[in-house]
Amino acid sequence: MSIDDTAHPGAPSDLPLAEAELPWNHPLARGLSRLGRRLKQGDRKHPWVLDTGVIVVVALMFCVPDLVHDDDGRRRAFDTQVTHLPWPVTVALQAGLVLPLLWRRRRPSLAFAVIAAVLFLQVALGVWLRADVALLIALYSLVLHGQLRRLPVACAVTAAALGLVALRLPSAVSVLDALFFLFSTITAAVALGLAVRIRRAQLAVLRDRATRLEIERDQRSKLAAAAERTRVAREMHDIVGHNLSVIITLADGGAYATDIAPERGKQALLLIGDTGRQALGELRRMLGVLREQTQTPAAPRLSPQPGIADIDALCARIRAAGPQVVYRTGGELDTLDRGVQLTVYRIAQEALTNALKHAGHDTRVELAVGVKDTRLHIDVHDTGRDGGTVPPGPSQEAGPSQEEGHGLAGMRERAALYNGTVTAGPAPGGGWTVRATLDLTPLAEIPAEIPAEIPAETPAETDVTPPAATGGAV
């Protein structure tokens, strides 16, 4: 905690006892801190006020005493060693020493050079003035505001000027003692300037870091929001696109069968209702996990996200719409984590939906899901329109190939989360084939040069959909 972290300087009792006893939490320290902040704000708006104030203080403390003569007529021994000039000349020398301090922050090197030149002129005339302290102020300003590469030259010039002053001192004062004192003042001015400069640089770095961290935090929030929107869009595509395709196919088939076989029309209507209720349930589940308020104990629990075990029900809905679906599995699929199972389900759902949409209700679809070593393979092949008796027509070929929708892109993005690939294209004997491969290698065993992202296993009641880049409607 710093002395700037104050809201009520007069109420230290609001802080814990250990913090209230710290020196910087004292009311006086807080008041001084608040005064310092106000002075900084005023200096930013009117920098000339501080520069003028420094000149006024130096003039009152060091210039006026040189202009005042002793009325008792006594002269000190030191006064016999220096030259006494008329007061107009003294005022001119004092002005040459003090007035350059006006631009000590804007042009510190120029101010130091002018003051040093006047001081050398003063020493050449054998004059001693208390306003020589302006050289130390200029040196401090050069260290604080100027270029540090000029500091050695400035120190050498200051040491030479004050060394000449030490040599002009009376014999009662040891030259070594005078040099030690004068060089100590040079060291103090340089050390103070460096300390203030380093402190300001540290504060500037901390402010810049805080600003960058705030920007990065906002960027991460925006990226997280964009990823969540993409995830929702992809889920909406998978849910709405699939179920609407099934409903449309069932509605068309029911309308056709109503005149020929009313029972088949009734069956189609029942299947439409079941499909719509399932879609509504999936939408409620997805939107439920997006609600900001926490669930009350009386609220219904969310059903788990679909997995490989739900592919059988998915195939049954596709069969009800007309296509023949053959589903085969191989390997230990039940041991896969929920993230992988959801990815497999969504890829199979999208491929079956595309087969129903583009190949029609008379096609035959073969779906195979199997695990071999550390690879999971998903193969979906349809025979095209009319069950493969007729080669695929232009409409079928143009659908997936010439106008790739968001569904295929979504499948590729889901597979990419597991360092997998998705390929789709016409089959040699007719129809369409979709092949997906997922890498089941644990994250710790994947080489560093291969980017992979395997979601951790999560409870069944939560949404385990990993974020993706894009999504959309069919």
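Refer to the structure presented above.
Every value quoted in this text rests on a predicted model; they were computed, and no experiment measured them.

Caption draft 1: Focus on the overall build of the chain. Of the regular secondary structure elements, the chain holds 13 helices and 5 strands. Counting contacts in the chain only where the partners sit at least 6 residues apart, residues at least 24 apart contribute 71% of the total. By element, 61% of the accessible surface of the chain is carried by carbon and sulfur atoms, the whole surface being about 27,400 Å².

Caption draft 2: Representation of the nonpolar core in the model. Ile311, Val344, Leu367, Leu376 and Ile378 are the most contacted members of the largest nonpolar core, which totals 38 residues. Within the residue set of this core, elements represented by two or more residues are helix H8 (175-260), helix H10 (311-320), strand S1 (324-330), helix H11 (338-359), strand S2 (364-372), strand S3 (375-382), helix H13 (406-416) and strand S5 (432-439). Looking at which element gives the most residues to this core, the answer is H11, with 9 residues. If we skip the residues at most four places from it in the chain, isoleucine 378 touches Val344, Ile347, Leu367, Ala368, Val369, Val434, Arg435 and Ala436.

Caption draft 3: Looking closely at the pattern of salt bridges. In the structure shown here, the tally under the stated rule is 7 salt bridges. Of the charged contacts in the structure, one is a salt bridge between aspartate 218 and arginine 217, with a shortest N-O distance of 3.7 Å. With relative accessibility at 35%, the residue aspartate 218 sits in the partly exposed group. Its relative accessible area of 46% is what places arginine 217 among the partly exposed residues. The structure contains a network of salt bridges with shared partners spanning Asp51, Arg105 and Arg106.

Caption draft 4: Region of interest: the pairing of S2. Across 7 bridges, S1 lies against S2 in parallel orientation. The residue of S2 that forms the bridge with threonine 329 is valine 369. Between the parallel pair S1 and S2, the chain is carried across by H11, and the sense of this crossover is left-handed. Relative to S3, S2 is paired through 8 bridges, and the arrangement is antiparallel. Following the sheet pairing, valine 365 is matched in S3 by aspartate 382. The antiparallel hairpin formed by S2 and S3 contains 2 residues in its connecting segment, where aspartate 373 sits at a positive phi of about 60°.

Caption draft 5: A positive patch on the surface, seen in detail. On the surface, Lys40, Arg44, Arg199, Arg200 and Arg207 cluster together to form a positively charged patch. Mapped onto the positive patch, the elements with two or more residues apiece are helix H2 (27-45) and H8. Broken down by element, the residue count for the positive patch peaks at 3 residues, all from H8. Relative to the helices and strands, arginine 200 resides in helix H8.

Rules used in this analysis
Residues numbered from 1 in each chain as written. Predicted model: local features only at pLDDT ≥ 70, side-chain atom pairs only at ≥ 80, totals over all residues. Heavy atoms only, no water. Helix = DSSP H or I, 4+ residues; strand = E, 2+ residues; numbered from the N terminus. Contact = heavy atoms within 4.5 Å. Areas by Shrake-Rupley, 256 points an atom, 1.4 Å probe, with all protein chains shown as cover. Core = buried A, V, L, I, M, F, W, Y, C linked by side-chain atoms within 4.5 Å. Buried < 20%, exposed > 50% of the residue type's maximum accessible area, 1.4 Å probe, protein only. Salt bridge = Lys/Arg side-chain N within 4 Å of Asp/Glu carboxyl O. Pairing = 2+ DSSP bridges. Right-handed = clockwise from strand over helix to strand, strands pointing away. Patch = residues over 30% accessible without salt bridge, like charges linked within 9 Å, V, L, I, M, F, W, Y side chains within 5 Å. Lys, Arg positive; Asp, Glu negative; His and termini not counted. Charge placed at Lys NZ, Arg CZ, Asp CG, Glu CD.

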